[in-house]
Structures are given as C-alpha cells and as structure tokens.
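Here is how the chains run, residue by residue.
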Amino acid sequence: SVVSEGEREGLGSVRFGAEANYGETTIHDATGSNRTDTTVENAKIFGNVKKTITEKTFSYLDASVLYDDIAKIDYRATLGPGLGAYLVKSERTSLSLEAAPTYVWENVEDKYDAYFAIRFAERFTRAMGGKAKMWQSAEFLPKATDFGDYLLTAEVGVEAPLSAKVNLRLVLQDKYDSTPGENLARNDLALVAGASISL
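What you see is a predicted model; the values in this text were computed from it and never measured.

The rules behind these values
Residues numbered from 1 in each chain as written. Predicted model: local features only at pLDDT ≥ 70, side-chain atom pairs only at ≥ 80, totals over all residues. Heavy atoms only, no water. Helix = DSSP H or I, 4+ residues; strand = E, 2+ residues; numbered from the N terminus. Buried < 20%, exposed > 50% of the residue type's maximum accessible area, 1.4 Å probe, protein only. Contact = heavy atoms within 4.5 Å. Lys, Arg positive; Asp, Glu negative; His and termini not counted. Charge placed at Lys NZ, Arg CZ, Asp CG, Glu CD. Phe/Tyr/Trp six-rings, centres within 6.5 Å; stacked < 30°, edge-to-face > 60°. Salt bridge = Lys/Arg side-chain N within 4 Å of Asp/Glu carboxyl O. 1 Å grid on protein atoms, 1.4 Å probe; cavity = no way out; pocket = protein on both sides within 12 Å on 5 of 7 lines; lining within 4 Å. Points joined across faces, edges and corners; volume = space filled by probe spheres on them. Core = buried A, V, L, I, M, F, W, Y, C linked by side-chain atoms within 4.5 Å.

Observations regarding the overall build of the protein
Part 1 of the argument: Along its length, the protein carries zero helices and 11 strands.
Part 2 of the argument: Counting from the amino terminus, helix and strand elements in the protein follow one another as β-β-β-β-β-β-β-β-β-β-β.
Part 3 of the argument: The principal-axis extent of the C-alpha atoms belonging to the protein is close to 65 × 50 × 25 Å.
Part 4 of the argument: For the protein, buried positions account for 28% of its 199 residues.
Part 5 of the argument: Looking at the protein alone, contacts between residues at least 24 apart form 42% of all its contacts between residues at least 6 apart.
Part 6 of the argument: Between the centroid of the 22 positive side chains of the protein and the centroid of its 29 negative side chains there is a distance of 9 Å.

Pasting the structure below:
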C-alpha cells in the first residue's frame, strides 16, 4: 500500500492512497499431491479531499475504485461530495464525521449496477509518543432506496517506529456486504502485519 496525506491550516486536508493484497493457500491431500488456491486478490485506489469551512466543519469530495477477484467484483467505484465536522480536533487527536449522497457504479458477477447511496463515515486518529500512532475508521454505504442493501467497511490500526523511517504496522480490516454474489460470504476479515517506510 501507498498513502499520501497532509493538512494545511485554514485550507483543508488531502488523503490519497492505493493498496493491493494477494495470498495463496497450499492444500496437501491424502494422495500426497498439492493444490494451490488463491485466497486473497484485491486492489483499491481511494482519495478524500477536505476544504475547511469553519474551524470544526468542512466540505469534502470522496472517491474510490475497488477490485476483488475472490468476491467476484470486477469493479466498484464510488464518487460523492459532502459535508463533515470534527467532533475532536487537536494537534494529537482528531475525530471526524462525514455524510452525503454518493453515486456507486459496480460490476459484480458480470452484472452491472449503478445507484445512489447515502455515505456515512467516521475517522479517528491519535498520535502517541515517539511517533507511534493509532487509527480507526468506518464507512456505512446503504442504497438510498433500500437501507437493507448496504456495504460496511471498518479498519483499526496501530503503528510504532522501529527507526527514523521504518515503522512496524498492524491493521485489522473488515468488509461486509449485505447482498454478496451467489454462494459468497457476506463478511471478509483480514489481519495484516508488516513494516512501513515513511518518505
């Protein structure tokens, strides 16, 4: 994954990124032969731009494009402007809420769909001593015409420095689709551990 983010007082903030995950499982059967199955194959590009309105409020533009072979998602793209507010905003801690209509284009199991959804999102970040940090985010995206048909994504992560530029990173991600493709699970949970480099 690659993430670029920053903030300028009085103007707003930007956050752009891309991530990809791939995993395989090797199965040993009773005959002694091996079979390798792909268990994870996905990629996502995302961006969020905030423009300051007042000290605690902002307008924003949010966009993302997702591909997930295991979930049979050829693509799912979202785009929408909206309004948000900081419930907490200090040098070390922030908690923001966002809400607005969003348009969704998707092709799942070779079936194309496009619809309006209502996006509700929140993000919490906390800087700790020694450049360590933690964060948590969640996004609820129900169809505007049917709140029982929704997407829910959440993430919790911690990062601690190993050196001036290398950090140890642990992230728990959860993706839930209330109406997945045929014979597919609704929930997808992943725990990712690794190192990150700050440039």
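Topic: the packing of aromatic side chains
Part 1 of the argument: Enumeration over the complete set of coordinates arrives at six aromatic pairs.
Part 2 of the argument: Their ring planes at 55° and their centres at 5.1 Å tell us that Phe 58 and Tyr 86 sit as a pair that is tilted. With a gap of 28 residues between them, Phe 58 in strand 4 (residues 57-68) and Tyr 86 in strand 5 (residues 73-89) connect regions that are remote in the sequence.
Part 3 of the argument: Seen in terms of ring centroids, Tyr 103 and Phe 116 are 4.7 Å apart; in terms of plane orientation they differ by 75°. Their pairing is edge-to-face.

Topic: the pattern of salt bridges
Part 1 of the argument: For the structure on display, the rule yields 13 salt bridges.
Part 2 of the argument: Across the salt bridge formed by Glu 106 and Arg 76, the nearest N and O atoms sit 2.7 Å from each other. Taken together, the residues span a long stretch of sequence, with Glu 106 in strand 6 (residues 93-108) and Arg 76 in strand 5 at a distance of 30 residues.
Part 3 of the argument: What makes Glu 106 buried here is its relative accessible area of 11%.
Part 4 of the argument: With a shortest N-O distance of 3.6 Å, Arg 76 and Asp 177 are connected by a salt bridge. Here Arg 76 is found in strand 5, whereas its partner Asp 177 is found in strand 10 (residues 166-177), with 101 residues between them in sequence.
Part 5 of the argument: Linked by salt bridges that have partners in common, Lys 50, Asp 62, Glu 98, Arg 119 and Glu 139 make up one network.

Points about the layout of surface pockets
Part 1 of the argument: By volume, the second largest pocket is sized at about 240 Å³.
Part 2 of the argument: As for the second largest pocket, its lining consists of 17 residues, and the residues nearest its centre are Arg 76, Glu 106, Val 108, Asp 113 and Thr 179.
Part 3 of the argument: Sorting the residues of the lining of the second largest pocket by element identifies strand 6, strand 7 (111-127), strand 8 (133-143) and strand 9 (146-161) as the ones contributing at least two each.
Part 4 of the argument: Per-element tally for the lining of the second largest pocket: the top contributor is strand 7, with four residues.

Re the nonpolar core
What tends to happen in soluble globular proteins is that the nonpolar side chains get buried as a cluster.
Part 1 of the argument: Residues Val 104, Tyr 115, Ala 117, Leu 141 and Leu 151 constitute the largest nonpolar core, which totals five residues.
Part 2 of the argument: Discounting residues that sit within four places of it in the chain, Ala 117 has contacts with Ala 100, Pro 101, Thr 102, Val 104, Leu 141, Pro 142, Lys 143 and Ala 144.

Some words on the environment of Tyr 176
Part 1 of the argument: Relative to the elements of secondary structure, Tyr 176 occurs in strand 10.
Part 2 of the argument: Separated by 74 residues in the primary sequence, Tyr 176 and Thr 102 place their C-alpha atoms 18 Å from one another.
Part 3 of the argument: The contacts of Tyr 176, once residues within four sequence positions are left out, are Tyr 150, Leu 151, Leu 152, Arg 186 and Asn 187.

Remarks on the environment of Asn 183
Part 1 of the argument: When you line up the elements, Asn 183 lands in the loop between strand 10 and strand 11 (187-197).
Part 2 of the argument: Residue classification places Asn 183 among the exposed residues on the basis of a relative accessible area of 77%.
Part 3 of the argument: C-alpha separation for the pair Asn 183 and Ala 114, spaced 69 residues apart in sequence, amounts to 22 Å.

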